[in-house]
2 protein chains.
Amino acid sequence: MKFGGTSVADLSRIYRVARHVKREVDAGHQVAVVVSAMAGKTNELVGWVQELPQVCGSKSPFYDAREYDTIVASGEQVTSGLLAIALQSIGVDARSWQGWQIPIHTDNAHGAARITGIDGSDIVRRMEMGQVAVMAGFQGLAPDNRIATLGRGGSDTSAVALAAAVQADRCDIYTDVDGVYTTDPRIEPKARRLAKVSFEEMLEMASLGAKVLQVRSVELAMAHKVRTFVRSSFEEPDAPGMGDFLNPPGTLICDEEEIVEQQVVTGIAYAKDEAQISLRRVADRPGVSAGIFGPLADRSINVDMIVQNVSEDGAFTDITFTIPTGDMDKAVHILEGVRDSVGFGAIQSETGLAKVSVIGVGMRSNAGVAATAFKALADKGINIRAITTSEIKISILIDGPYAELAVRTLHSVYGLDKK
Amino acid sequence: MKFGGTSVADLSRIYRVARHVKREVDAGHQVAVVVSAMAGKTNELVGWVQELPQVCGSKSPFYDAREYDTIVASGEQVTSGLLAIALQSIGVDARSWQGWQIPIHTDNAHGAARITGIDGSDIVRRMEMGQVAVMAGFQGLAPDNRIATLGRGGSDTSAVALAAAVQADRCDIYTDVDGVYTTDPRIEPKARRLAKVSFEEMLEMASLGAKVLQVRSVELAMAHKVRTFVRSSFEEPDAPGMGDFLNPPGTLICDEEEIVEQQVVTGIAYAKDEAQISLRRVADRPGVSAGIFGPLADRSINVDMIVQNVSEDGAFTDITFTIPTGDMDKAVHILEGVRDSVGFGAIQSETGLAKVSVIGVGMRSNAGVAATAFKALADKGINIRAITTSEIKISILIDGPYAELAVRTLHSVYGLDKK
């Protein structure tokens, strides 16, 4: 069971979390819990770290990531202890575990470490004795014997990794939404909660901005086949159905094979504030793509869709790609700098675009899914600027103001409105 | 170098602390620093722990001391990391150390643990390489592999213990006063700062309410002969004299033998809000004292002066003792409960008293020190209610309103006013 920062934001919410845990213990399950820092606490600590060099008169804003980790990990340390006390107060045996105590081994990439291994034996032994393990999320022990944090959203990753280490039946991620929906309910009120979604689909949805789970944690869940269940921490712990282990309210992210009635299309994702850059008359020779996208990556500009057509004359081609609107000025500046070495003509840019994506593992075995989307959008008079596809996803770049209309149109055309 | 909570209360004060440290590093010293939590932080964390069981509907206010330690120790963890970053920002190589990393071994008495051993080898090795060790105070690692805190004021103890472990030349305790005075300057403006005071004298002063250093840390310093230097963290780090390692402004607490020009009397301490209880016609037989003071100790009532005269008739005696005024009702209630079993007559009590104490290791070899005090007080018309003495201390119980006059009188009669 993993609870995020808003779920443990104050003492009364920690009490609520304790009751969620007690419900599962009372149902006879062996439980480990992973907690984030109290909401706002991590930001406060990070703020101090970032501000301090300047207060000390340093012209460099850099700081030691190992100290950053020591400082920031204290937030989860506090919550783990508080939840253990809350559980004890309602009669549930519990103890807190810090990353270094288990230990959760990480690499040395302080500030954004990756988990390299977990020794779950102590925790399993105590879980078998009926003790709830409350683990501080987001942290581990690096080879230098110092605390390492996993980067933002790391508590989800901690939870999935621990679930894998103790071979849990399920990893329940309690969050401020009650599951994964066929699309954003704020845009399409007919959006339905999915009972199950495959790892692959969830990966596409997470990276497309469905902010339910961090991409890293889904990747880890997929690699270790950890059945991950997204559910609401705001529901009353004793609400009807919450304690039904086989069928609680929420969305199960699981192996494709576990999803019996597979839909062709599972969901419609979207991303706004996309910007498009087109490079005209790009010399069509090896190394050109690296010359363009390397410098952008070096400056941490996240390039998303890339479209390059086969050149007509074998000498020049056009390359179009998308980036977040906020990075536009920076990107154009970088591209101007490499224009001569790479060799291209005009740089054309446009902001205020949107990307809508149709996602579903069923696409693999169903022809015509893309054609359906194109026709539906055309019928509404929505112009398609660019298209990219993968095995289980079709992404379409359109003008921003049409985003909501496009989402609703696609949601309807694939039958996602229906029960 | 040890810095308390007010010295690290915010980022700009942490910067000031870093400059104090840099001054010593620049002077060629190898430095380890011990820090407390930011002022107010420990109280906030303790408050959460104490409040939580009630929030969870528990009728018992008790909580797991191991979780308390995990939660509360996070305060020092944050400060140690911040100071390391501040030092790095001004060009001083530094790293933070948590109690479990060094490790500082403690016993299993969570919440009020005692240090059982420190492995200073890693720290010494890095200090020799020029790296400043910034250690989180107040904490260690218990045999159960969990964090243990040392109880309030524990950071002073951490500092002295670390100084002993690394065989430091000196343990500098930076505090909000600039040293130990011959008496409280708020009462006697002519009070002078002592250049040196012996461990034994400091122990008497600390336990008498001179709140400069925790008694435990002085005991530890005495046991390991750690030369402990009390100095001000509020002075500018580069003020004249601050960097004079042999003669900085402050008070050195050291072995008696190091104090060449020993005064007969070193200082005058006092404690207000004392209360007196006299038990009349106490049966004069073995076990009586245990029957009286045992139950008081069991209820954590701190009995201070105890006066029992030799009985006149061999059958009955009077026993007088002092306690804090706040414990009076509780104490009388306890005594009423044991009256029949112990056997005594009237309980007489009086509150609003004060204790003044004359302290000095020179007393051992100087007769007439006590007589001087009694005569000086008599000359001012101050009535003496009770007297207790030790080898290096004379304590006198008087009526509360005379406390300040008595302090000034004694300060003058022993020549402490003079340079």
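A quick note: this is a predicted structure, and the numbers were derived from the prediction, not measured. (Residues numbered from 1 in each chain as written. Chains lettered and ligands numbered in written order. Predicted model: local features only at pLDDT ≥ 70, side-chain atom pairs only at ≥ 80, totals over all residues. Heavy atoms only, no water.)

Peer 1: Quick one: what's the story with the overall build of chain A, residue by residue and with numbers?
Peer 2: Scanning chain A from terminus to terminus reveals 12 helices and 18 strands. For 419 residues, the compact-globule estimate of 2.2 N^0.38 gives 22 Å, and the C-alpha radius of gyration of chain A, at 24 Å, lies within 12% of that figure. With the principal axes as the frame, chain A shows a C-alpha extent of 75 × 60 × 30 Å. By residue count, 53% of the 419 residues in chain A fall in the buried class. For chain A, the share of sequence-separated contacts (at least 6 apart) that also reach a separation of at least 24 residues comes to 74%. Counting only carbon and sulfur atoms, one obtains 48% of the accessible surface of chain A, whose full area is about 17700 Å². (Helix = DSSP H or I, 4+ residues; strand = E, 2+ residues; numbered from the N terminus. Rg over C-alpha atoms; globule rule 2.2 N^0.38 Å. Buried < 20%, exposed > 50% of the residue type's maximum accessible area, 1.4 Å probe, protein only. Contact = heavy atoms within 4.5 Å. Areas by Shrake-Rupley, 256 points an atom, 1.4 Å probe, with all protein chains shown as cover.)

Peer 1: Quick rundown of the interface of chain B and chain A? Include the residues and the values.
Peer 2: With 43 residues of chain B in contact, the opposing surface of chain A contributes 43 residues. Contact between chain B and chain A buries roughly 3700 Å² in total, counting both sides, with carbon and sulfur atoms accounting for 68%. A per-residue breakdown of the area chain B buries against chain A is headed by Leu11, Ile85 and Trp100 of chain B, which together make up 17% of the total. Our enumeration of links across chain B and chain A arrives at zero salt bridges. In this structure, the connection of chain B to chain A is made through 10 residue pairs in polar contact (both at pLDDT 80 or more). Broken down by secondary-structure element, the contributors of at least two residues to the side of chain B that touches chain A are helix H1 (11-26), helix H2 (41-55), helix H3 (65-72), helix H4 (74-89) and strand S3 (94-97) of chain B. In terms of residue count, H4 of chain B provides more of the side of chain B that touches chain A than any other element does, 10 residues in total. Its residues assigned to classes, the side of chain B that touches chain A shows 24 nonpolar, 12 polar and seven charged. (Buried area = accessible area lost by both parts, 1.4 Å probe. Salt bridge = Lys/Arg side-chain N within 4 Å of Asp/Glu carboxyl O. Polar contact = N/O pair within 3.5 Å; in protein donor to acceptor, adjacent residues only side chain to side chain. Nonpolar A, V, L, I, M, F, W, Y, C, P; charged D, E, K, R; others polar.)

Peer 1: I'd like a rundown of the sheet that holds strand S12 (residues 251-254) of chain A, residues and numbers included.
Peer 2: Residues and elements named next belong to chain A. Read from one edge of the open sheet, eight strands run S3-S6-S2-S1-S9-S11-S12-S10, paired in mixed fashion. The sheet is open, and its two borders are formed by strand S3 (94-97) and strand S10 (196-198), each paired with just one other strand. Judged from the two bridges that link them, strand S1 (residues 2-3) and strand S2 (residues 32-35) form a sheet pairing that is parallel. Within S2, the position partnered with Lys2 by the bridge is Val34. Here helix H5 (residues 121-128) sits on the sheet in contact with S2, S3 and strand S6 (132-136), set at roughly 170° to S3. (Pairing = 2+ DSSP bridges. Axes fitted to C-alpha atoms, helices over the stretch in contact; angles between N-to-C directions.)

Peer 1: Outline empty space enclosed by the protein, supporting the account with residue identities and numerical values.
Peer 2: Summed over all chains, the structure comprises three cavities of 30 Å³ or more. Along the wall of the largest cavity there are 16 residues; nearest its centre are Lys41 and Ser74 of chain A together with Lys41, Ser74 and Val78 of chain B. For the lining of the largest cavity, the secondary-structure elements that each account for two or more residues are helix H2 (41-55) and helix H4 (74-89) of chain A together with H2 and H4 of chain B. When its residues are assigned to classes, the lining of the largest cavity shows eight nonpolar, four polar and four charged. (1 Å grid on protein atoms, 1.4 Å probe; cavity = no way out; pocket = protein on both sides within 12 Å on 5 of 7 lines; lining within 4 Å. Points joined across faces, edges and corners; volume = space filled by probe spheres on them.)

Peer 1: Before we move on, can you summarise the UniProt feature "domain: ACT" (unreviewed entry) in chain A with the specific residues and values?
Peer 2: With numbering matched to this structure, UniProt assigns "domain: ACT" (unreviewed entry) to residues 277-361 of chain A. Spanning residues 277-361 of chain A, this segment combines 31% helix with 38% strand, and its end C-alpha atoms are found 30 Å apart. (UniProt positions renumbered as here; feature names shortened; annotations may be inferred.)

Peer 1: Break down the relation of the copies chain B and chain A for me, with residues and values.
Peer 2: Between the two copies of this chain, the relationship is a rotation about some axis together with a displacement along it. Once chain B has been moved 0.0 Å along the axis and rotated by 179°, it coincides with chain A to within an RMSD of 0.2 Å. Taken together, the rotation and translation describe the operation of a two-fold axis. For chain B, the minimum C-alpha distance to the rotation axis belongs to Ser74 of chain B and amounts to 2.6 Å. An overlap of 100% is found between the interface residues of chain B and their copies at the interface of chain A, pointing to a shared contact surface. (Least-squares fit on C-alpha atoms with pLDDT ≥ 70 in both.)

Peer 1: Run through the pattern of salt bridges, naming residues and quoting values.
Peer 2: Pairing between side chains of opposite charge can happen when their charged atoms approach one another. Enumeration according to the criterion identifies 51 salt bridges over all chains in this entry. One connected set of salt bridges, linked through shared partners, spans Arg23, Glu24, Arg170, Asp172 and Arg231 of chain B.

Peer 1: Account for helix H11 (residues 369-379) of chain A, naming residues and giving values.
Peer 2: All names here are of chain A. If you check which residues of H11 are buried, you get Val369, Ala373, Ala376 and Leu377. All buried residues of H11 lie within an arc of 95° about the axis, which places them on one face of the element. Turned more than 90 degrees from where H11 packs its buried face, Lys375, Ala378 and Asp379 sit exposed. Its buried side turned inward, H11 meets strand S18 (393-399) and helix H12 (403-413). Trailing H11 by a residue or two, Gly381 shows a phi angle of about 75°, which is positive. (Arc of directions from axis to C-beta.)

Peer 1: Let's hear about the sheet that holds strand S16 (residues 347-359) of chain B: which residues, and what values?
Peer 2: Residue and element names in this part refer to chain B. Here we have six strands laid out as an open sheet, ordered S14-S15-S13-S16-S18-S17, and antiparallel in their pairing. A single partner strand is all that each edge strand has here, and the edge strands are strand S14 (306-308) and strand S17 (386-390). Neighbour-to-neighbour, the strand axes of the sheet open up by a mean angle of 30°, direction not taken into account. Two strands pair when backbone bridges link them, and S17 and strand S18 (residues 393-399) are joined in this way by five bridges, in the antiparallel orientation. Each residue of the ladder has a partner; that of Ala386, found in S18, is Leu397. In the packing of helix H9 (residues 288-298) onto the sheet, contacts are made with strand S13 (267-283), S14 and strand S15 (316-324), and the angle to S15 comes to roughly 20°.

Peer 1: Residues and numbers for the domain arrangement of chain A, please.
Peer 2: Residues and elements named next belong to chain A. Here chain A is partitioned into domain 1 (2-258) and domain 2 (267-413). Across the boundary between the two partners, domain 1 contributes 15 residues, which contact 18 residues of domain 2. Of the roughly 1500 Å² buried where domain 1 meets domain 2, counting both sides, 62% is carbon and sulfur surface. Run the count over domain 1 and domain 2 and you get two salt bridges. Lys393 is the partner of Glu204 in a salt bridge, and the nearest nitrogen-oxygen pair spans 3.3 Å. Ranked by residues supplied to the side of domain 1 that touches domain 2, first place goes to helix H7 (residues 199-207) with four residues. (Domains from an automatic or database assignment.)

Peer 1: Describe the packing of helix H1 (residues 11-26) of chain A against H4 of chain A, naming the residues involved and giving the relevant values.
Peer 2: Packed helices, taken two at a time, are described by the angle their axes make and the gap between the axes. All names here are of chain A. Contact geometry for H1 and H4: axes closest at 9 Å, N-to-C directions at 60°. By the angle between their axes, H1 is oblique relative to H4. At the point where H1 passes H4, the crossing takes the right-handed sense. Between H1 and H4, the residues in contact are Leu11, Ile14, Val17, Ala18 and Val21 and Leu82, Leu83, Ala86 and Leu87, respectively. Split by residue class, the contact of H1 with H4 holds nine nonpolar, no polar and no charged. (Parallel < 35°, antiparallel > 145°, perpendicular 65-115°, else oblique. Left-handed = near helix turned anticlockwise from the far one by under 90°.)

Peer 1: So what's going on with the environment of Tyr174 of chain B? Which residues, and what values?
Peer 2: Residue and element names in this part refer to chain B. Among the structural elements, Tyr174 can be located in strand S9 (residues 171-175). Its relative accessible area of 1% is what places Tyr174 among the buried residues. Separated by 60 residues in sequence, Tyr174 and Phe234 have C-alpha atoms that sit 8.6 Å apart. A distance of 3.2 Å separates the side chain of Tyr174 from the side chain of Arg231, its partner in a polar contact.

Peer 1: So what about the UniProt feature "binding site: ATP" (unreviewed entry) in chain A? Which residues, and what values?
Peer 2: All names here are of chain A. Under the feature "binding site: ATP" (unreviewed entry), the UniProt entry names Lys2, Phe3, Gly4, Gly5, Thr175, Asp176, Tyr181, Arg186, Lys211 and Val212. Spatially, the listed residues are scattered: they cover 211 residues, and their C-alpha atoms lie as much as 25.6 Å apart. Here Tyr181 lies in the loop between strand S9 (171-175) and S10. Beyond its immediate sequence surroundings of up to four residues, Tyr181 is in contact with Ala191, Arg192, Arg193 and Leu194. A distance of 3.0 Å separates a polar atom in the side chain of Tyr181 from a polar atom in the side chain of Asp178. Relative to the helices and strands, Lys211 resides in the loop between H7 and helix H8 (215-224). Note on Lys211: relative accessible area 81%, which makes it exposed.

Peer 1: Any chance you could break down the state of the cysteines for me, citing the residues and the numbers?
Peer 2: Residues and elements named next belong to chain A. One pass over the full model with this rule turns up zero disulfides over all chains. There is no disulfide at Cys171, and the cysteine sulfur nearest it, in Cys254, is 13 Å away. Look at Cys171 and you get buried, because its relative accessible area is 3%. (Disulfide = S-S within 2.5 Å.)

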